[in-house]
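Structural overview
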Amino acid sequence: MAEIHSLLGLVERILERIEDGTLREDFQEPIQRGSASGYVGVVREDEEHDSLLLVVRLGIMKVPTGAEEGFFGRLLGLNHEFQGRAAFSVREDGTVCLTAGRPVEDLDPGEIIDLILWTSEQADDYDDILLTEFGYEFQL
């Protein structure tokens, strides 16, 4: 997986594809920051729109069994604290992810770096915090 030190190369590849019009839904590259890993990819906003979103998604942990109510309340509180920059979600397999996305149109290099770096930093910080609170047996 691409470590954060190769962030500049990833940003350059994304910018090149934006500039030459080849950034498509099939773009996806793995990233890792500390113990959090995931990907940077492009998705269509929805079926009604042609606009694309650059999405950063990193796995945090498994949903802790027996503490779901308190755990989900904690995630909702953290989502609120992120003020719309990112949100926790749960995949069908029970993996908790931190996700952030921005419209591809008009993204500049600084915004791409911020999106990837900030989101991956939060994921790496909060996997440790949440595992400490809810148990390391739920580590990915």
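Here is what the cut-offs are and how they apply
Each residue is numbered by its place in its chain's sequence as written, counting from 1. Totals for whole chains, interfaces and linings use every residue, but because this is a predicted model, local features are given only for residues with pLDDT of at least 70 and side-chain atom pairs only at 80 or more, for both listing and counting. To get the side-chain values, take all heavy atoms of the structure and skip hydrogens and water. Only runs of H or I of at least four residues qualify as helices and only runs of E of at least two qualify as strands under DSSP, and these elements are numbered from the N terminus. Only protein chains enter the area calculation, which uses a 1.4 Å probe; residues under 20% of their type maximum are buried, those over 50% are exposed, and those in between are partly exposed. Only Phe, Tyr and Trp rings take part, Trp by its six-membered ring, and two of them pair if their centres are within 6.5 Å. Stacked means planes under 30 degrees apart, edge-to-face means over 60, and tilted covers everything else. Here, a salt bridge means any side-chain nitrogen of Lys or Arg that lies within 4 Å of a carboxyl oxygen of Asp or Glu. Residues belong to a common nonpolar core when they are buried Ala, Val, Leu, Ile, Met, Phe, Trp, Tyr or Cys residues joined through side-chain atoms within 4.5 Å. In this analysis, two residues are considered to be in contact whenever any of their non-hydrogen atoms come within 4.5 Å of each other. We call two N or O atoms a polar contact when they sit within 3.5 Å, provided that within protein one can donate a hydrogen and the other can accept it, with sequence-adjacent residues counted only if both atoms are side-chain atoms.

In the Ramachandran plot, Gln-83 falls in the positive-phi region, its phi being about 55° despite a non-glycine side chain. Mapping Gln-83 onto the fold places it in the loop between α2 (68-81) and β5 (87-90). We classify Gln-83 as exposed; its relative accessible area is 72%. Its identity is not glycine, yet Asp-106 carries a phi of approximately 70°, on the positive side. Counting through the fold element by element, Asp-106 comes out in the loop between β6 (95-103) and α3 (109-134).

What follows is about the packing of aromatic side chains. One pass over the full model with this rule turns up 6 aromatic pairs. On the numbers, 5.0 Å between centres and 90° between planes, the contact of Phe-71 with Phe-134 is edge-to-face. Of the two residues, Phe-71 is situated in helix α2 and Phe-134 in helix α3; the sequence distance between them amounts to 63 residues. In this structure, Phe-71 and Phe-134 share a single accessibility class: buried.

Another aspect to go through is the pattern of salt bridges. Tallied over the full model, the rule gives 6 salt bridges. Of the charged contacts, one joins Glu-133 and Arg-74 as a salt bridge, the two residues approaching to 2.7 Å between their closest N and O atoms. With a gap of 59 residues between them, Glu-133 in helix α3 and Arg-74 in helix α2 connect regions that are remote in the sequence. According to the relative accessible area criterion, Glu-133 is partly exposed, its value standing at 41%. Judged by relative accessible area, which is 25%, Arg-74 ranks as partly exposed. For Asp-93, the salt bridge goes to Arg-91, with nearest N and O atoms at 3.0 Å. Residue Asp-93 is classed as partly exposed on the basis of its relative accessible area of 44%. Since its relative accessible area comes to 42%, Arg-91 is described here as partly exposed. A single network of salt bridges, built from pairs that share partners, joins Lys-62, Arg-91 and Asp-93.

Below, the discussion takes up the nonpolar core. Ile-14, Leu-54, Met-61, Phe-88, Ile-116 and Leu-130 are the most contacted members of the largest nonpolar core, which totals 39 residues. Dropping the residues within four chain positions of it, Phe-88 is found in contact with Ile-60, Leu-75, Leu-78, Asn-79, Phe-82, Val-96, Cys-97, Leu-98, Tyr-126 and Leu-130.

The subject of this paragraph is the side chain of Thr-95. Among the secondary structure elements, Thr-95 is positioned in strand β6. Within the structure, Thr-95 has its side chain in polar contact with the side chain of Asp-93 (distance 2.9 Å). Excluding anything up to four places from it in sequence, Thr-95 contacts Gly-59, Met-61, Lys-62, Ser-89, Val-90 and Leu-140.

Position of Leu-54 relative to the elements: it lies in strand β4 (residues 49-62). Assessed through its relative accessible area of 0%, Leu-54 is described here as buried. Not counting the four nearest positions on each side in its chain, Leu-54 is found in contact with Ile-14, Val-40, Gly-41, Val-42, Ala-100, Gly-101, Arg-102, Val-104, Leu-107, Ile-112 and Leu-115.

By themselves, these figures tell us nothing about what the structure is for.
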